[in-house]
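Residue strings, one per chain:
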Amino acid sequence: MMKMNQKLMKIVLNKDSMRIEKEQDVVPFRNRVKENAVKIGMGVVNQTKLITAASELVRNMLKYAGGGLVLIEAITEGRDSGIRLTFQDKGPGIKDISLAMKDGFSSGKSLGIGLPGTRRLVNEFDIKSIFGEGTTVSIIKWKNG
Amino acid sequence: MKSDIIKGLQKKKNQILEDWITIQVADAGLREDLMSNDELREQSSELLDALLKAINDKNIINIESPDFEQVHEILAGLSISRARQGFSPRETGIFVYSLKEALLKNLDIDQTEDVKTTVETIFKINRLLDNLSVVTFETYIKGREEVILRQTDEITEISTPVIRVWEGILALPIIGTLDSARTQVVMENLLQEIVESGSTIAILDISGVPAVDSLVAQHLIKTVAATRLMGAECIISGIRPEIAQTVVHLGIDLSNIVTKATLANALKYAFALLKLDVRKIQNKVSQ
């Protein structure tokens, strides 16, 4: 008898990428994320959360790494569908990720809620950083998450 | 590559120019409203002159050669001015592509030469002209980008009006994204207007701001703080339900700021602060 304990796989339905180099790229990028979110039928509240999270991360990328590449993917996992955003940069990297994820910590002069706040806005949050080589942040917002 | 081919081209300059213009005029896309035929002829002739002067046996295969600097300059100037005049990419592209056709048409092909040499010659000319096309496109796009940047500046300037809604009350509808440059303009306008009008209440309406992230919030907090330093109270209105949820999740603390859902509510609050009362007039029933 077959067991139904197979782990659900994330399947990428649609892939899109965008290069971010200057502050003027932020608005078109946000619109692109929104388009993708609307396409999978995400509600307004989740759309806004996703866009805000995207906006935080893209601003971080511009501020600390001077830009990078963002992958926008529409994904499904079982019956859930969602948007996955992957931010890759070749910036200085983050020295202490757990410190950077703390509320109120900022190496710049910002409010210090960018990374921890972003994590609260999305369903899945993954950050990898090699000090001196760059940072990759990947977030997923499910349609009904 | 034999130099007599280039010499032949140089000799046939007038013929090439005629052919080139004929091809350009024949194209349905030619914009006579944007450029007269005389102007077209002048530009074409200038470019062809420069090109034929610069070209020689050695540099035909080296498109990066400094000999072509003048050609590149003319071409860049032309495509930038075309981008600004509103020519389409197709029209700008045809200008260069049709030159290729005219050049190849007037190529002196020695019948005794073998096919291989002829093909090679054609390839070289092709490559040279393709490179010129690339230069044209690059500068065309750059020209267009300049137009966009100029418009962005204009939008920033016109999109931050400060409105006197009542004596002592200012309203400032913000539409679009609040970035650092924009905040600077908003703040300057607002603070200046507070001084000029002697207002004590300012309402910042963010109904038109698509997303409030921590940077936007930081800018808002700064604007409110600056307004308070000037002795005025600042109210933020136009907070949509989804924005409210996002701000809470993000962990931005706006509790020190008076916020209202709509501009109308903010105005009501402002009236209360100024001890003003808005009432419906009761018609006295005549006895």
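Definitions and cut-offs
Residues numbered from 1 in each chain as written. Chains lettered and ligands numbered in written order. Predicted model: local features only at pLDDT ≥ 70, side-chain atom pairs only at ≥ 80, totals over all residues. Helix = DSSP H or I, 4+ residues; strand = E, 2+ residues; numbered from the N terminus. Contact = placed C-beta atoms within 7 Å. Buried ≥ 20, exposed ≤ 12 C-beta atoms within 10 Å, placed from the backbone. Core = buried A, V, L, I, M, F, W, Y, C linked by C-beta atoms within 7 Å. Pairing = 2+ DSSP bridges. Axes fitted to C-alpha atoms, helices over the stretch in contact; angles between N-to-C directions. Nonpolar A, V, L, I, M, F, W, Y, C, P; charged D, E, K, R; others polar. Expected span 1.5 Å × (residues − 1). Parallel < 35°, antiparallel > 145°, perpendicular 65-115°, else oblique. Left-handed = near helix turned anticlockwise from the far one by under 90°. pLDDT = per-residue confidence, 0-100.

Q: Which residues make up the overall build of chain A, and what values go with them?
A: Per the secondary structure count, chain A includes four helices and five strands. The secondary structure elements of chain A, listed N-terminal to C-terminal, are β-α-α-β-β-α-α-β-β. For chain A, the proportion of contacts with a sequence separation of at least 24, taken over those separated by at least 6, is 65%.

Q: Describe the overall build of chain B, with residues and values.
A: A tally of regular secondary structure across chain B gives 10 helices and five strands. Looking at chain B as a whole, 28% of its 287 residues qualify as buried. Nonlocal contacts in chain B, meaning residues at least 24 apart in sequence, comprise 78% of its contacts between residues at least 6 apart.

Q: If you had to explain the nonpolar core to someone new, which residues and values would you point to?
A: As a rule of thumb, nonpolar side chains are buried together in soluble globular proteins. One finds Val58(A), Leu172(B), Ala202(B), Ile203(B) and Leu204(B) to be the most contacted residues of the largest nonpolar core, which totals 58 residues. No other element matches the seven residues that helix α2 (residues 44-65) of chain A contributes to this core. Setting aside anything within four residues of it in sequence, one finds Ala202(B) in contact with Leu170(B), Leu172(B), Leu190(B), Ile194(B), Thr227(B), Ala232(B) and Cys234(B).

Q: Help me get a handle on the pairing of strand β5 (residues 134-142) of chain A, residues and values and all.
A: Residue and element names in this part refer to chain A. With eight bridges joining them, strand β3 (residues 80-89) and β5 adopt antiparallel strand pairing. The residue bridging Ile83 from the neighbouring strand is Lys141, located in β5. Examined bridge by bridge, strand β4 (residues 124-130) and β5 share seven bridges and lie antiparallel to one another. Among the inter-strand pairings, Glu124 is bridged to a residue of β5, identified as Ile140.

Q: Account for the sheet that holds strand β1 (residues 163-166) of chain B, with residues named and values stated.
A: All names here are of chain B. Spatially, the five strands line up as an open sheet ordered β1-β2-β3-β4-β5, and their pairing is mixed. At either margin of the open sheet sits one strand with a lone partner, and together these are β1 and β5 (258-260). On average, each strand axis in the sheet is inclined to that of its neighbour by 30 degrees, with strand direction left out of account. For strand β2 (residues 169-175) and strand β3 (residues 201-208), the ladder comprises six bridges, and the chain directions are parallel. Across the sheet, residue Leu170 finds its bridge partner in β3, namely Ala202. Contacts between helix α7 (residues 180-197) and the sheet are confined to β1, β2 and β3, with β2 contributing the most and set at about 165 degrees to the helix.

Q: Tell me about the environment of Ala74(A), residues and numbers included.
A: Along the chain, Ala74(A) falls in strand β2 (residues 68-77). Setting aside residues no more than four positions away along its own chain, Ala74(A) makes contact with Leu13(A), Asn14(A), Asn36(A), Lys39(A), Ile40(A), Ser81(A) and Ile83(A).

Q: Can you lay out the interface of chain B and chain A for me, pointing to particular residues and giving the numbers?
A: The interface of chain B with chain A comprises 18 residues on the first partner and 22 residues on the second. Counting residues per element, the ones that place at least two in the side of chain B that touches chain A are α8 (214-229) and α9 (241-250) of chain B. Looking at which element gives the most residues to the side of chain B that touches chain A, the answer is α9(B), with six residues. Partitioned by chemical class, the residues of the side of chain B that touches chain A number seven nonpolar, eight polar and three charged.

Q: Give me the lowdown on the sheet that holds β5(A), citing residues and values where you can.
A: Residue and element names in this part refer to chain A. The antiparallel open sheet is built from five strands, whose spatial order is β1-β2-β3-β5-β4. Taken across any chain shown, the strands that pair with only one partner, and hence form the sheet edges, are β1 (10-20) and β4. Here the strands of the sheet are splayed against their neighbours by 15 degrees on average, with no regard to which way each runs.

Q: If you had to explain the environment of Arg240(B) to someone new, which residues and values would you point to?
A: Among the secondary structure elements, Arg240(B) is positioned in the loop between β4 (233-237) and α9. Taking the C-alpha atoms as reference, Arg240(B) lies 9.5 Å from Lys260(B); in sequence the two are 20 residues apart.

Q: An account of α2(A) is requested, with residue identities and associated values reported.
A: Because an α-helix packs 3.6 residues into every turn, residues spaced three or four apart end up facing the same way. Residue and element names in this part refer to chain A. Along its 22 residues, α2 runs 31 Å from first to last C-alpha, staying within 8% of the 32 Å computed at 1.5 Å per residue. Burial within α2 is extensive, with 16 of its 22 residues counted as buried. Within two residues after α2, Gly66 carries a phi angle of roughly 70 degrees, on the positive side.

Q: How would you sum up the packing of α2(A) against helix α4 (residues 114-121) of chain A? Please name residues and give values.
A: Relative orientation and spacing of two packed helices are given, respectively, by the angle between their axes and the distance between those axes. All names here are of chain A. Following both chains from N to C, one finds α2 and α4 inclined at 155 degrees, their axes separated by 9 Å at the closest point. If you check the angle between α2 and α4, you find them roughly antiparallel. As α2 packs across α4, the resulting crossing turns out to be left-handed. Residues Lys49, Thr52, Ala53, Glu56, Leu57 and Asn60 of α2 lie in contact with α4, whose contacting residues are Gly114, Gly117, Thr118 and Leu121. Grouping the amino acids of the contact of α2 with α4 by side-chain chemistry returns three nonpolar, five polar and two charged.

Q: I'd like a rundown of the confidence of the model for chain A, residues and numbers included.
A: The share of residues in chain A with pLDDT of 70 or more is 92%, and the mean pLDDT across the chain is 86. No element of chain A has a lower mean pLDDT than helix α3 (residues 97-100) of chain A, which averages 82, and none a higher one than β5(A), which averages 93.

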